[in-house]
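Examining the three-dimensional arrangement
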Amino acid sequence: AVAAASVTAAAAPLPQLVQKDGRHALMVDGAPFVMLGAQAHNSSNYPAALKKVWPAIRDMHANTLEIPVAWEQIEPVEGKFDFSYVDTLVAEARKNKVRLVLLWFATWKNTNPQYSPEWVKFDNQRFPRMLDKDGKVNYCMSPFGEETLKADKKAFVALMAHIKKIDEAHRTVIMMQVQNEVGTYGLVRDYGAKAQAAFAQAVPQAVLERQKSPVKLAAKGTWSEVYGDYAEQYFHTYAIASYIGEVARAGRAVYNLPMYVNNALRDPLEPMAPWKGNFASGGPTWDVIDIYKVAAPAIDLAAPDIYMPQSAKFTGTLDRFQRPDNALMVPELGNAATYARYTYQVLGRGALGFAPFGIDYADYSNFPLGSKLTDKTMVEPFGSIFAVFRPMERQWAKWAFEGRTYGVAESDERSEQTIAMKNWTATVSFRQWQFGEKAWNPEIKDEPANTDKPGGGVAIAQIGDNEFIVVGQQVRLRLGGAGSNDGKPTMLARVEEGSFDPSGTWIMERNWNGDQVDYGINLPAKPVVLKIRIGTY
Ligand code: N0T
């Protein structure tokens, strides 16, 4: 029995989300993991296409690839499953030493059924689309289509069973995204017969208890009676979330991977108002995360896809989605260089993952949402940052889960930012010379090199009372006493530039002193890692 048991090594534990004190971690192989991710283009989900994916993933220094698995490709004929692409993908991911997040493109992909098999998308009798107020057929699948749910669920369960079979001993696949950017554009809800009947029912108790709404006209009653002008959006959200929740539940019953939904955002800063065509109704927008929590308990989190380069909107979105009951993960953002600085902000805020969209060398540019570039130069701004995080990715994930990490990105206004840490503050400023103060030479009108556009960012982990790991680029950093150090004179002890080796040991290259610290700690354009100690006297 002893010999037999030693033949197969014990499989690593299942990836899972854990939480403590309002913070979250994605556990992979039993320890916190941070996804330094990249998402491939929408049509790179074929064995031959992968050849143009892996080189970009390598240049990106990513530890995780997010890539679609389409319903149309695994079940082109009803009941006949073909997992050859999944097999190739998983095998090649292992060769490339990256993990996978699989994106289930099925009933809804950017709200439409484009990735459903032909036997689904052209059979409106069996798989009904939504109806508008006049009874006209809408493009979007109805969340009340019982056969649609049954068929999508069956395919997803088959996929999860297959992943379990090929990957249980490896855990190459660490997470599933269920559908993609769901909701409906241009129509607030379904007006088909089933939907109409459901709309006249009472709002479920769990929604009444959890959903924070600007309007609550009654303690209970129908959707309209309780939520007035918000009723239709909330109702549609509940219907879609319930559908996704059921697909996810059934999939997890077979193979219990973490699962999430992603969101095409509504503006995080505009005043709250009822839906008026300005976002996909029914999607997990920040205002209805509670409805997803209630209707889709098998979904771990709702995640923002951020294609808003403006710093106020970017930060506003993070603020809306990062909650004690909703872990922050950014599964998509634009791949244009302007987004690279947000890597520091997102990872510093303790996100489970960060993945620019459109990272492969298919000849396809995502401009104007993302970069005009399609080669190495598109990947480089992100890749250079991931490269310095990679050697310490496990430490970083652990520090983040312990609440020791902070991060900022340069704002569009280029203004100074202050980070409050335990008994210390970090003041971060931008467009500074590496030496001296701008005020010395008012007649010099030049700005520091490479700072014509906002590009700075820094992430800090406070690893001890007076000790910090700093990762960043193009910022000036100053540390000052706060709390029990408030008012005390301070002095830097060490500002070591270096890196962690794979065993987690710090390797110092040099110690910054003299000019390199007399005018703040000035990080260059190329990302660096510093280990800083500071003291008081
Ligand atoms: C994203 C991607 C892909 C403020 C766009 C973004 C991906 C999907 N959709 O390349 O299609 O599969 O999740 C929609 C952004 C809407 C415009 C926002 C302007």
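All of these numbers come straight from a predicted model, not from anything done at the bench.

What follows concerns the overall build of the protein chain. Within the protein chain, the secondary structure is distributed over 16 helices and 23 strands. Over its C-alpha atoms the protein chain spans a radius of gyration of 25 Å, differing by no more than 12% from the 24 Å that the globule rule assigns to 537 residues. In terms of overall dimensions, the protein chain has C-alpha extents of about 75 × 65 × 45 Å along its principal axes. Scored against the burial criterion, the 537 residues of the protein chain give a buried share of 55%. Pairs at least 24 apart in sequence give 72% of the contacts found in the protein chain among residues at least 6 apart.

Quick look at the site of the ligand now. Around the ligand, the structure places Asn 42, Lys 109, Asn 110, Asn 180, Glu 181, Asn 262, Asp 305, Tyr 307, Glu 332, Phe 357, Asn 366 and Leu 369. Side-chain polar atom of Glu 181 to a nitrogen atom of the ligand: 2.9 Å apart, as the coordinates give it. The fraction of the free accessible surface of the ligand (500 Å²) that becomes covered by protein chains is 70%. Considered class by class, the residues forming the shell around the ligand number 3 nonpolar, 5 polar and 4 charged.

Taken N-terminus to C-terminus, the directions of helix α4 (residues 84-95) and helix α6 (residues 146-167) make an angle of 40°; their axes are 11 Å apart at the nearest point. Considered as vectors, α4 and α6 are oriented oblique to each other. Helix-helix and strand crossings are classified by hand; for α4 and α6 the assignment is right-handed. Counted together, Val 86, Asp 87, Val 90 and Arg 94 of α4 and Leu 159, His 162, Ile 166 and Asp 167 of α6 form the full contact between these two elements.

To continue, consider the side chain of Glu 66. If you trace the backbone, Glu 66 turns up in strand β5 (residues 64-70). Buried within the structure, Glu 66 lacks any salt-bridge partner; its nearest side chain of opposite charge belongs to Lys 109, at an N-O separation of 12 Å. Not counting the four nearest positions on each side in its chain, Glu 66 is found in contact with Met 35, Ala 38, Gln 39, Ala 40, Val 101, Leu 103, Tyr 260, Met 329, Pro 331 and Ala 355.

Further remarks concern the nonpolar core. In terms of nonpolar packing, the biggest core is built from 109 residues, with Trp 104, Leu 159, Met 176 and Phe 389 touching the most fellow members. Residues lining this core come from more than one domain, with at least three contributed by each of domain 1 (12-130 + 142-189 + 233-403) and domain 2 (417-536). Phe 389 has contacts with Leu 36, Tyr 344, Leu 347, Trp 396, Ala 459 and Val 471, leaving out every residue within four places of it along the chain. By size, the runner-up hydrophobic cluster in this structure holds 23 residues, among which are Val 408, Ile 521, Leu 523 and Val 528.

Pairing of strand β18 (residues 467-473) with strand β23 (residues 528-536) involves 6 bridges; the strand directions are antiparallel. Across the sheet, residue Glu 467 finds its bridge partner in β23, namely Arg 533. The sheet contact formed by strand β20 (residues 490-500) and β23 spans 7 bridges and is antiparallel. By the bridge assignment, Leu 492 is partnered in β23 with Ile 534.

Working note: a packed helix pair is described by the angle between its axes plus the distance between those axes. Interaxial distance between α6 and helix α10 (residues 231-254) falls to 8 Å at its minimum, and their mutual angle equals 30°. Between α6 and α10, the angle falls in the class roughly parallel. Crossing of α6 over α10 shows right-handed handedness. Contacts between α6 and α10 pair Thr 148, Leu 149, Asp 152, Lys 153, Phe 156, Val 157, Met 160, Ala 161 and Lys 164 from the former with Tyr 243, Glu 246, Val 247, Ala 248, Arg 249, Ala 250, Gly 251 and Val 254 from the latter. Looking at side-chain class alone, the contact of α6 with α10 contains 10 nonpolar, 2 polar and 5 charged residues.

A word on the sheet that holds strand β19 (residues 476-481). Read across the open sheet, the 4 strands follow the order β15-β16-β19-β22; overall the sheet is antiparallel. In this open sheet, the two strands that pair with only one neighbour each are β15 (417-420) and β22 (521-522). For strand β16 (residues 424-429) and β19, the ladder comprises 6 bridges, and the chain directions are antiparallel. Among the inter-strand pairings, Ser 429 is bridged to a residue of β19, identified as Arg 476.

On to the sheet that holds β5, then. Read across the sheet, 8 strands follow the order β12-β11-β10-β9-β6-β5-β4-β13 without closing on themselves; strand pairing throughout is parallel. Either end of the sheet is taken by a strand with one partner, and the two such strands are β12 (332-333) and β13 (353-354). Sheet topology places strand β9 (residues 173-180) next to strand β10 (residues 259-264); 2 bridges connect them, and they run parallel. Bridge pairing links Gln 177 to Tyr 260 in β10.

Time to look at the domain arrangement of the protein chain. Taken domain by domain, the protein chain holds domain 1 (12-130 + 142-189 + 233-403) and domain 2 (417-536). On a C-alpha basis, the centroid separation for the pair domain 1 and domain 2 is 34 Å. Taken together, the contacts link 12 residues of domain 1 with 18 residues of domain 2. At the boundary of domain 1 with domain 2, the tally comes to 0 salt bridges. For the pair domain 1 and domain 2, the number of links is 1 residue pair in polar contact (both at pLDDT 80 or more). Looking at the side of domain 1 that touches domain 2 element by element, the count peaks at 4 residues for helix α14 (residues 376-389).

Helix length check: α10, at 24 residues, gives a terminal C-alpha distance of 35 Å against a target of 34 Å (1.5 Å per residue), a fit within 8%. The buried fraction of α10 is high, at 17 of 24 residues.

Conventions and cut-offs
Residues numbered from 1 in each chain as written. Predicted model: local features only at pLDDT ≥ 70, side-chain atom pairs only at ≥ 80, totals over all residues. Heavy atoms only, no water. Helix = DSSP H or I, 4+ residues; strand = E, 2+ residues; numbered from the N terminus. Rg over C-alpha atoms; globule rule 2.2 N^0.38 Å. Buried < 20%, exposed > 50% of the residue type's maximum accessible area, 1.4 Å probe, protein only. Contact = heavy atoms within 4.5 Å. Near = heavy atom within 4 Å. Polar contact = N/O pair within 3.5 Å; in protein donor to acceptor, adjacent residues only side chain to side chain. Areas by Shrake-Rupley, 256 points an atom, 1.4 Å probe, with all protein chains shown as cover. Nonpolar A, V, L, I, M, F, W, Y, C, P; charged D, E, K, R; others polar. Axes fitted to C-alpha atoms, helices over the stretch in contact; angles between N-to-C directions. Parallel < 35°, antiparallel > 145°, perpendicular 65-115°, else oblique. Left-handed = near helix turned anticlockwise from the far one by under 90°. Lys, Arg positive; Asp, Glu negative; His and termini not counted. Salt bridge = Lys/Arg side-chain N within 4 Å of Asp/Glu carboxyl O. Core = buried A, V, L, I, M, F, W, Y, C linked by side-chain atoms within 4.5 Å. Domains from an automatic or database assignment. Pairing = 2+ DSSP bridges. Expected span 1.5 Å × (residues − 1).

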